[in-house]
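Single-letter residue listing:
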Amino acid sequence: MPYLIVLDVSHNEISDFFGFQPPKNLKEVDFSHNHISSMKDLSAYTCLRKLILDYNSISEIRGLEKCSSLTHLSMEHNKILRISGLRNLPLRQLYLKGNLIKRTENLQTLRTLQILDLSSNRIQSLSGLQDLHLLANINLESNMVGEIKECTHLQYLLLLRDLNLKRNPVQEQPDYRLAVIFILNHLTVMDEKPVTVEEKVLAVNKYDPSLEVVAARDHMTHMMYQHMQPQGIFDSTLPSLDTPYPMLVLTGPQACGKRELAHKLCHEYSDYFGYGACHTTRGPYFGEEDGCDYHFVQDEEFQNMIRMGSFVQTMQYGGHWYGLSREAIESVAREGLACCVHMELEGVFSLKTSYFEPRYILLIPTRIEDYISHMKARGFYTNAQIEKAVSRIDLYTKINRERPGFFDSVIICDDRNEAYSALRQLIKEYLGLEEQEKEGRRSTGVTPQNATTDEGGESTAAKKLDANPTDTYSQNYYSKVQTRLLPQKTSAELASIHRRQQMVRDALVGKIPRAYTQLFKRYVHPVPSLLTPQSADHNEDSSSEESCASSGLSMNSSARVLSVGSPADGLDAGSGPKVEPLDVSLLGQNLETLKGKDHTTQRYFWTILYKCSFPADHMEPGLSPDSSRSAPEQASPTVVSSPGRPGSNAKPILPPIPLGRKAAESGSVQQLTGQAGQVDEG
Ligand SMILES: Nc1ncnc2c1ncn2[C@@H]1O[C@H](COP(=O)(O)OP(=O)(O)OP(=O)(O)O)[C@@H](O)[C@H]1O
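Computed from a prediction, not measured in an experiment: that's the story for all the values here.

## Observations concerning the overall build of the chain
Logical step 1: Check the secondary structure of the chain and you find 21 helices and 19 strands.
Logical step 2: A burial count over the chain gives 50% of its 682 residues as buried.
Logical step 3: Of the contacts formed within the chain by residues at least 6 apart in sequence, a portion of 54% connects residues at least 24 apart.
Logical step 4: Accessible surface for the chain amounts to roughly 31600 Å². Of this, 53% is attributable to carbon and sulfur atoms.

## Some thoughts on the sheet that holds strand E15 (residues 311–317)
Logical step 1: Spatially, four strands are ordered E14-E13-E16-E15 in an open sheet, and the strand pairing comes out mixed. The sheet is open, and its two borders are formed by strand E14 (294–296) and E15, each paired with just one other strand. For this sheet, the mean angle separating the axes of adjacent strands, direction not counted, is 25 degrees.
Logical step 2: Direction of pairing for strand E13 (residues 278–280) relative to strand E16 (residues 320–325): antiparallel, over a ladder of two bridges. Each bridged residue has a counterpart across the sheet, and for His279 the counterpart in E16 is Gly323.

## A look at the layout of surface pockets
Logical step 1: In this structure, the largest pocket occupies an estimated 540 Å³ of space.
Logical step 2: Taken together, 27 residues form the lining of the largest pocket, with Ala255, Lys258, Arg259, Tyr294 and His342 sitting closest to its centre.
Logical step 3: Of the residues forming the lining of the largest pocket, the biggest block, four residues, is contributed by helix H4 (residues 258–268).
Logical step 4: Its residues placed into classes, the lining of the largest pocket shows eleven nonpolar, eight polar and eight charged.

## Focus: the site of the ligand
Logical step 1: The environment of the ligand is made up of 20 residues, and the closest members are Arg259, Arg282, Tyr294, Glu344 and Tyr381.
Logical step 2: Separating an oxygen atom of the ligand from a side-chain N or O atom of Lys258 is a distance of 2.7 Å.
Logical step 3: One nitrogen or oxygen atom from the side chain of Tyr294 is found 2.5 Å from an oxygen atom belonging to the ligand.
Logical step 4: Most atoms of the ligand, that is more than half of them, are within 2 Å of grid points of the largest pocket.
Logical step 5: For the shell around the ligand, a count of residues per class yields ten nonpolar, five polar and five charged.

## Quick look at helix H7 (residues 345–353)
Logical step 1: H7 sits mainly inside the fold: seven of its nine residues count as buried.
Logical step 2: Along H7, the positions that sit buried rather than exposed are Leu345, Glu346, Gly347, Val348, Phe349, Ser350 and Leu351.

## Some remarks on the pairing of E16
Regular strands place side chains that alternate from one sheet face to the opposite one.
Logical step 1: Taken across its six residues, E16 has five buried, putting it largely inside the fold.
Logical step 2: As paired elements, E15 and E16 share six bridges and run antiparallel to each other. Each bridged residue has a counterpart across the sheet, and for Phe311 the counterpart in E16 is Ser325.

## Some points on the nonpolar core
Side chains that are nonpolar tend, in soluble globular proteins, to be buried together.
Logical step 1: With 67 residues, the main nonpolar core has Met247, Leu248, Leu265, Phe273, Leu324, Leu423 and Ile427 as its most contacted residues.
Logical step 2: Top element by residues in this core is helix H10 (residues 416–431). It accounts for seven residues.
Logical step 3: If we skip the residues at most four places from it in the chain, Leu423 touches Leu250, Leu261, Leu265, Ile361 and Ile411.

## Side note on the sheet that holds strand E18 (residues 359–364)
Logical step 1: Spatial strand order, E12-E17-E11-E18-E19: five strands in an open sheet with parallel pairing. If you trace the sheet from one side to the other, it starts and ends with strand E12 (273–275) and strand E19 (409–412), each paired once. With direction set aside, neighbouring strand axes in the sheet form an average angle of 25 degrees.
Logical step 2: Examined bridge by bridge, strand E11 (residues 247–251) and strand E17 (residues 338–343) share five bridges and lie parallel to one another.

## Examining the pattern of salt bridges
Logical step 1: If you walk through the whole model with that rule in mind, you get 20 salt bridges.
Logical step 2: Ionic pairing is found between Lys206 and Asp175, a salt bridge with its closest N-O pair at 3.0 Å. A residue pair is termed long-range when its members are at least 10 positions apart, and Lys206 in helix H2 (residues 197–207) and Asp175 in the loop between strand E8 (162–164) and helix H1 (176–183) qualify at 31 residues.
Logical step 3: The class for Lys206 is partly exposed, based on a relative accessible area of 39%.
Logical step 4: What you see here is one network of salt bridges that share partners, running through Arg259, Arg282, Glu288 and Asp293.

## Overview of the environment of Asp414
Logical step 1: Secondary-structure assignment places Asp414 in the loop between E19 and H10.
Logical step 2: Spatially, the C-alpha atoms of Asp414 and His374 are 9.8 Å apart, while their sequence positions differ by 40 residues.
Logical step 3: Ignoring anything within four residues of it in the chain, the contact list for Asp414 reads Pro365, Thr366 and Arg367.
Logical step 4: A polar side-chain atom of Asp414 sits 2.2 Å from a polar atom in the side chain of Thr366.

## A short note on the side chain of Glu346
Logical step 1: In this fold, Glu346 is placed in helix H7.
Logical step 2: Look past the residues within four positions of Glu346 in its chain and what remains in contact with it is Leu211, Met315 and Arg392.

## Looking at the packing of H4 against H10
Logical step 1: Look at H4 against H10: their axes get within 11 Å of each other, and the N-to-C directions meet at 45 degrees. Judged on the interaxial angle alone, H10 and H4 are oblique. The handedness of the crossing between H4 and H10 is right-handed. Where H4 abuts H10, its residues Glu260, Leu261, Lys264, Leu265 and Glu268 lie against Arg416, Asn417, Ala419, Tyr420, Leu423, Arg424 and Ile427.

## Looking at the packing of aromatic side chains
Here the distance between the centres and the angle between the planes together describe a pair of aromatic rings.
Logical step 1: Applying the stated criterion across every chain, the model contains 15 aromatic pairs.
Logical step 2: Relative to Phe380, the ring of Tyr285 has its centre 4.1 Å away and its plane inclined at 15 degrees; by these criteria the two rings are stacked. With a gap of 95 residues between them, Tyr285 in the loop between E13 and E14 and Phe380 in the loop between helix H8 (368–378) and helix H9 (383–402) connect regions that are remote in the sequence.
Logical step 3: For Tyr285, a relative accessible area of 17% gives the class buried.
Logical step 4: With a centroid separation of 4.6 Å and 25 degrees between ring planes, the pair formed by Tyr355 and Phe356 is classed as stacked.
Logical step 5: According to the relative accessible area criterion, Tyr355 is partly exposed, its value standing at 35%.
Logical step 6: Through a chain of ring-to-ring contacts, the aromatic side chains of Phe17, Phe18, Phe31 and Tyr45 assemble into a single cluster.

## Notes on unusual backbone geometry
Logical step 1: Even without glycine at this site, Asn88 takes up a positive phi of about 60 degrees.
Logical step 2: Locating Asn88 in the fold gives a position in the loop between strand E4 (72–74) and strand E5 (93–95).
Logical step 3: Non-glycine residue Ser120 carries a positive phi angle of around 55 degrees.

## Some remarks on the confidence of the model for the chain
Logical step 1: On average, the chain scores 75 in pLDDT, and the residues at 70 or more come to 65%.
Logical step 2: Confidence drops under pLDDT 50 across residues 445–486; counting only partners more than four residues distant or on other chains, this segment forms 103 contacts.
Logical step 3: Low pLDDT, under 50, characterises residues 515–653; the predicted model gives this stretch 248 contacts beyond four residues in sequence or across chains.

Criteria and cut-off values
Position numbers for residues count from 1 along each chain, tracking the sequence in the order it is written. Given that the model is predicted, a residue must reach a pLDDT of at least 70 before its local features are reported, and side-chain atom pairs must reach 80 or more before they are shown or counted; all residues, however, enter totals for whole chains, interfaces and linings. Values shown for side chains rest on all heavy atoms present in the structure; no hydrogens or waters enter the calculation. In this description a helix means any DSSP run of H or I spanning at least four residues, a strand means any run of E spanning at least two, and both kinds are numbered starting from the N terminus. Categorising residues by exposure relies on relative accessible area from a 1.4 Å probe, with only protein chains included: less than 20% of the type maximum marks a residue as buried, more than 50% marks it as exposed, and the intermediate range marks it as partly exposed. Only heavy atoms enter the contact rule, under which two residues are in contact if any of them lie within 4.5 Å. The Shrake-Rupley method, run with a 1.4 Å probe, gives the accessible areas here. Residue values count only the displayed protein chains as cover. Paired strands, as defined in this entry, are two strands with at least two bridges between them according to DSSP. Angles shown run from 0 to 180 degrees and are taken between the N-to-C directions of axes, each axis being a line fitted to C-alpha atoms and, for helices, limited to the stretch in contact. Only protein atoms enter the 1 Å grid used here, on which a cavity is any set of points holding a 1.4 Å probe that cannot leave and a pocket is any open set flanked by protein within 12 Å on both sides along at least five of seven lines; residues with an atom within 4 Å of a point are listed as lining. Grid points are joined across faces, edges and corners, and a volume is the space filled by probe spheres set on the points. Amino acids outside the nonpolar list (Ala, Val, Leu, Ile, Met, Phe, Trp, Tyr, Cys, Pro) and the charged list (Asp, Glu, Lys, Arg) are all regarded as polar, and Gly is one of them. A molecule or strand has a residue near it when one of that residue's heavy atoms lies within 4 Å. Two N or O atoms count as a polar contact when they lie within 3.5 Å, although within protein this holds only if one can serve as hydrogen donor and the other as acceptor, and sequence-adjacent residues are included solely when both atoms are side-chain atoms. Occupancy of a cavity or pocket is assigned to a molecule whenever over half of its atoms lie within 2 Å of that pocket's grid points. To form a nonpolar core, buried Ala, Val, Leu, Ile, Met, Phe, Trp, Tyr and Cys residues must be joined to one another through side-chain atoms within 4.5 Å. By definition, a salt bridge exists where a carboxyl oxygen of Asp or Glu is found within 4 Å of a side-chain nitrogen of Lys or Arg. For classification purposes, an angle smaller than 35 degrees is called roughly parallel, one larger than 145 roughly antiparallel, one from 65 to 115 roughly perpendicular, and anything else oblique. Left-handed describes a crossing in which the near helix is turned anticlockwise from the far one by less than a right angle; the clockwise case is right-handed. Working definition: a ring pair exists when centres of Phe, Tyr or Trp rings (six-membered ring for Trp) sit within 6.5 Å. Plane angles under 30 degrees give stacked, over 60 give edge-to-face, the rest tilted. Note on scores: pLDDT gives the predictor's confidence for each residue, bounded by 0 and 100.

Next up, the structure:
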């Protein structure tokens with residue numbers, strides 16, 4: 001039978017494998033269910049593609065070396081002790097189920113193998129399979145694989161879709177299925193069950209959660225524990241009408257200098273910032289003081305604090321816990337200061353989920369060698385810690401690159417002094433101190449050196465406004481108000497005003513605003529009923545106490561005219577924006593009366609002033625530089641932010657910083673803190 005291609009001699013009593021010399025052109029041979037105990041040399045059968053020898057008594061694979069066409073070999077239920085004799089065969093399917101195999105060895109040359117069945121053997125390790133890159137299906141059911149980590153041998157088999165590890169001791173491991181799905185994330189079927197999308201997401205969230213997930217969990221934990229405690233109102237940091245409590249977060253990799261810079265900043269601008277000391281379970285380094293750099297606590301106390309809902313956020317770094325407590329922020333806020341803290345990226349993510357809305361400054365080293373030398377020179381860190389810190393630089397740069405606006409500003413910190421100058425400059429811009437200094441120099445003739453430290457950087461006009469010169473609270477307060485009331489305008493501000501004037505002119509002649517003008521419209525926060533003026537008469541009575549709040553409100557209501565038109569104002573509703581000039585002079589008059597106001601009113605007033613300071617966001621058409629007002633009494637608002645900074649007109653950089661409540665001796669401060677205490681107690 002020279003043309004015989006398929007030979008099936010299964011289920012016989014044959015004991016001599018190929019003993020009857022079948023023709024050489026055979027392509028498929030089935031010798032299953034016989035009594036064959038050993039294999040013979042099949043070198044002559046070069047055309048053989050499929051060989052089935054299931055249910056025999058063969059203990060060793062051999063004689064196949066020259067079968068250069070063999071793609072399918074099945075030797076299930078034999079007595080094979082080890083895999084051998086398969087070197088360089090073009091096998092695509094190999095079935096060795098039900099043998100006595102202990103190791104997945106001598107398979108690495110089977111580069112074309114796609115299906116491997118080694119079920120019902122004695123295999124403990126998956127080492128030896130890692131180079132079989134075409135493997136799509138591995139059956140290891142009923143073996144002795146005990147460790148999840150064995151799956152790492154398969155993790156680079158990118159075509160692997162189906163893995164069966166049923167009836168292996170590894171199934172007893174906690175979260176076995178999720179762990180394997182995480183390691184082998186290309187699997188679509190595991191243990192004969194489809195792998196669902198939900199399982200894949202769960203696996204990633206469990207074993208390699210994104211920073212958002214970590215932050216969400218952290219936030220959830222603290223919120224839950226906080227809600228389990230008796231609730232008190234944190235008055236000092238309570239977000240006001242539409243401005244959050246001002247906070248500054250310096251972030252960056254470990255030892256990049258953020259802590260040092262935070263301390264320096266709080267020291268220099270002690271009227272504005274207070275250092276928020278976090279809690280940590282790590283021991284103090286040489287020279288560190290408890291309560292100054294950190295609150296150093298034992299692990300047990302830290303965990304206790306978590307359970308008491310004391311933290312806003314926590315994170316583990318280098319095997320230690322770090323956490324920013326509500327009280328740390330609150331104690332700074334009670335001083336009337338903005339809280340300045342430093343933290344790692346995870347902390348930033350976590351804080352971003354909370355109701356705090358800090359400004360984030362990224363400090364990033366670019367000269368890695370210098371960074372490493374600096375860490376080595378500190379002498380606190382092991383090589384592993386240094387490596388970790390260095391590797392995290394990429395994480396920060398990646399986030400900064402991929403998420404524009406995630407950090408409000410980035411400062412290169414290769415040189416600490418330069419970094420501090422940059423930070424200082426930024427803060428001065430944020431706070432409008434630049435303008436204040438300039439004005440101070442102009443009006444008092446002070447030199448730049450003493451101008452920075454001189455609280456009297458305030459203008460003469462400010463001093464005039466100051467009711468009580470010995471009262472430092474009032475000094476701070478008025479100098480800052482005055483800064484914002486200075487008449488100069490930046491070019492960006494003027495451009496914005498002109499644009500809006502043009503819009504109004506267009507509206508008056510009935511032109512429909514072009515589509516892009518919508519870009520300049522902003523959401524106007526609704527005025528809370530607490531402060532809503534009862535009537536128009538109220539607004540006009542600027543001498544009454546109520547009028548200071550309502551005059552502030554009149555600005556806000558003038559903001560509303562952009563979106564809400566009324567025929568009574570001389571323009572048809574919907575025909576375009578209407579004009580209602582903003583009388584900023586009222587502000588100046590009302591500053592006097594505001595002093596006696598409660599905390600909320602003052603904070604609201606600051607909000608209004610703040611809006612005035614960002615006319616691109618809040619200034620209305622008709623508020624022109626040449627309107628009938630004259631400086632300084634009828635001064636117009638001044639832009640505090642630098643117009644060149646990207647996004648500077650899109651988002652206020654810092655919420656209005658402190659009311660200058662630091663001076664505890666001030667009567668007004670006492671009044672404020674007294675109120676805060678009452679609310680807390682209530
Ligand atoms: N509450 C927190 N949340 C997140 N990260 C924090 C927190 N408190 C501190 N960190 C950060 O944890 C890291 C380790 O803090 P640690 O004080 O041990 O570092 P360090 O070696 O002194 O370096 P650094 O000068 O950056 O503080 C630092 O990057 C620090 O900023």
